[in-house]
Amino acid sequence: RYEPTWGSLDARPLPAWFDEAKFGVFIHWGVFSVPSFGSEWFWWYWQKEKRAPYVKFMDTNYPPGFSYEDFGPLFTAEFFDPNQWADILKASGAKYVVLTSKHHEGFTLWGSKYSWNWNAVDVGPKRDLVAELATSVRNRTDLHFGLYHSLFEWFNPLFLEDATNAFNTSKFPTSKSLPELYEIVTKYQPEIIWSDGDGNAPDTYWNSTGFLAWLYNDSPVRDTVVTNDRWGAGSICAHGGFYTCSDRYNPGRLLPHKWENCMTMDRSSWGYRRDARLRDYLPIEDLVKQLAETVSCGGNLLMNIGPTHDGRIAVVFEERLRQVGSWLKVNGEAIYGTKPWRAQNDTVTPGVWYTFTPKEGKVNAIFLNWPVSGILELGEPRAKLGETQVKLAGYRDLLKWVALGEKGMVIALPQLTPQQMPCQWGWTLQLTDV
């Protein structure tokens, strides 16, 4: 049994499925999807920081005295079709999904007993959005279902009172935050608890170790659940299951501890923005690059989309997800279930990232630029004459190669028309016996 101490909790082995999965989809959805302007931090930027664009947006478009709470009934989700969402998630090739069950605004996407009249069952859609998505994902896909949960809430009077008392009182965690966590775990049995938003309070204030000890010892998901590292000030990148370290974290080198790069397709927001331009969205080439870099350095990629207030996954997000899925259909062997190799990227040719498939003893070289010459030079692999074989994922014939002394090899790529290319963005060489 695990003790409620970091020493004991951090010693828990991470359930194997998470490292094998490599790729998940993050979904930021909530009342902030109604103004869908600027950022999911809309309420904070408008009311607390009084940032000019947000104040002007409200003054121009809403009557005087309109409050953030008034957005609640406008969060309608009338087009939310959880089966369609599940099908898109499946088509993306992702192996897990993480939904924001509650963001810093405090609005819960399930009918929480602890969030009276500020939840999706009492206000807005009048539906349990968490239950609906969980059911569809489990019935239609093999994805692991996870939930994001914000510890703090910007404007909750109980939290503000505790903060004023320098967190020597704990009214908010005992009456709101912790009961919600126990509630979502028992009700929905998520296999990931993605905690966030410590409000600068220590983990002792949140009683994080007490909750995690219950989660790992006695909860319905104790054997399979995976957690992140955001459990109180100072715990990020230091305690918990996998490390997130910061948003959009991509160190470009191998880390000694399992980590995740959570990033978003919209360069400047996690929630949906009606005012986004096409250039604000990362192109598929960038997403493939992020996936290759992250996995080669031992990480998982959690790629975020923000649905609309009426429950649609915008077409641009759907297209990107389906593109990643089509790339993974060809190159998935270089991603799923792989381990980092002795070198993460190539020393001679930039834009080449390595992974290792232990089952078949294959080294995968994912290269992001197809050389004009049709010749690819790799500085890292040591090839053996008469033994080493080189294959291009999605292409049937073996490729010709020449060894370069002790280390390195030159590979002749096939001459292909655009139609014959196994995929369009990033390709995998499978090297055996190197």
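Computed from a prediction, not measured in an experiment: that's the story for all the values here.

1. Regarding the UniProt feature "domain: Glycoside hydrolase family 29 N-terminal" (unreviewed entry) in the protein chain
Here is step 1 of the chain: In the numbering used here, UniProt assigns the "domain: Glycoside hydrolase family 29 N-terminal" (unreviewed entry) feature to residues 1-333.
Here is step 2 of the chain: Taken end to end, residues 1-333 comprises 36% helix and 12% strand; its first and last C-alpha atoms sit 36 Å apart.

2. So, helix α4 (residues 52-61)
Here is step 1 of the chain: Where α4 is concerned, the buried positions are Tyr54, Phe57 and Met58. Seen along its axis, α4 keeps its buried residues to an arc of 90 degrees; they face one direction. Exposed residues on α4 whose side chains face more than 90 degrees from its buried face are Ala52, Lys56, Asp59 and Thr60.
Here is step 2 of the chain: Of the surrounding elements, those touching the buried residues of α4 are α3 (42-48).

3. Description of the UniProt feature "site: May be important for catalysis" (unreviewed entry) in the protein chain
Here is step 1 of the chain: When the UniProt feature table is mapped onto this chain, "site: May be important for catalysis" (unreviewed entry) is found at Cys262.
Here is step 2 of the chain: Considering the arrangement of structural elements, one finds Cys262 in strand β6 (residues 259-264).
Here is step 3 of the chain: For Cys262, a relative accessible area of 0% translates into the label buried.
Here is step 4 of the chain: Apart from the residues within four sequence positions on either side, Cys262 is in contact with Phe26, Trp194, Arg230, Ser246, Asp247, Arg248, Tyr249, Trp270 and Leu302.

4. Things to note about the sheet that holds strand β12 (residues 401-403)
Here is step 1 of the chain: Ordered by their spatial adjacency, three strands build an open sheet running β10-β13-β12, and the pairing between neighbours is antiparallel. Strands at the two margins of the open sheet, each flanked by one partner only, are β10 (375-378) and β12. With strand direction ignored, the average angle separating the axes of adjacent strands in the sheet is 15 degrees.
Here is step 2 of the chain: As paired elements, β10 and strand β13 (residues 409-412) share four bridges and run antiparallel to each other. Looking at the pairing, Glu377 lines up with Val410 of β13.

5. A closer look at the state of the cysteines
Here is step 1 of the chain: As enumerated under the stated definition, the model contains one disulfide in all.
Here is step 2 of the chain: Disulfide pairing is shown between Cys237 and Cys245; the S-S distance is 2.1 Å. Between Cys237 and Cys245, the disulfide has an S-S torsion of 65 degrees and is therefore right-handed.
Here is step 3 of the chain: By relative accessible area, Cys237 is classed as partly exposed at 36%.
Here is step 4 of the chain: Cys245 provides the cysteine sulfur closest to Cys262, a residue in no disulfide bond, and the two sulfurs are 9.9 Å apart.

6. Brief notes about helix α8 (residues 171-188)
Here is step 1 of the chain: If you check α8, its first and last C-alpha atoms are 25 Å apart, about what 18 residues at 1.5 Å a residue would give, namely 26 Å.
Here is step 2 of the chain: Along its length, α8 reaches its greatest deviation from straightness, about 30 degrees, at Ser177, and the proline Pro179 lies no more than four positions downstream.
Here is step 3 of the chain: With its phi angle positive at about 45 degrees, Gln189 sits one or two positions after the end of α8.

7. Some points on the packing of helix α5 (residues 82-91) against helix α12 (residues 315-331)
Here is step 1 of the chain: Following both chains from N to C, one finds α5 and α12 inclined at 40 degrees, their axes separated by 7 Å at the closest point. As summarised for this structure, α5 and α12 are arranged oblique, according to the angle between their axes. Residue-level contacts link Gln84, Ile88 and Ala91 of α5 to Glu318, Leu321, Arg322 and Gly325 of α12.
Here is step 2 of the chain: Here the contact of α5 with α12 is built from residues that sort into three nonpolar, two polar and two charged.

The rules behind each value
Position numbers for residues start from 1 in each chain and track the written sequence from start to end. Per-residue local features are limited, in this predicted model, to residues with pLDDT of at least 70; the limit for side-chain atom pairs, both in listing and counting, is 80 or more; totals at the level of whole chains, interfaces and linings are taken over all residues. Note that the side-chain values use all heavy atoms of the structure and ignore hydrogens as well as water. UniProt positions are given in the numbering used here, feature names are shortened, and annotations may be inferred rather than shown by experiment. Only DSSP runs of H or I with at least four residues qualify as helices, and only runs of E with at least two residues qualify as strands; both kinds are numbered from the N terminus onward. Throughout, exposure labels follow a simple rule: accessible area from a 1.4 Å probe, protein chains only, divided by the maximum for the residue type, with under 20% read as buried, over 50% as exposed, and the rest as partly exposed. For this quantity, the arc is that covered by the directions from the helix axis to the C-beta atoms. Here, residues are in contact when the closest pair of their heavy atoms is within 4.5 Å. Note on pairing: two strands pair once DSSP finds at least 2 bridges between them. For helices, the fitted axis covers only the stretch in contact; all axes are lines through C-alpha atoms, and the angles between them, taken along N-to-C directions, range from 0 to 180 degrees. Criterion for a disulfide: a pair of cysteine sulfur atoms within 2.5 Å. Helix span is expected to be 1.5 Å times the residue number reduced by one. Bend angle per residue: angle between axes fitted to the 7 residues ending at that residue and the 7 residues starting there. In this scheme, roughly parallel covers angles under 35 degrees and roughly antiparallel covers those over 145, while 65 to 115 is roughly perpendicular and the rest are oblique. Throughout, the ten residues Ala, Val, Leu, Ile, Met, Phe, Trp, Tyr, Cys and Pro are labelled nonpolar, Asp, Glu, Lys and Arg are labelled charged, and all others, Gly among them, are labelled polar.

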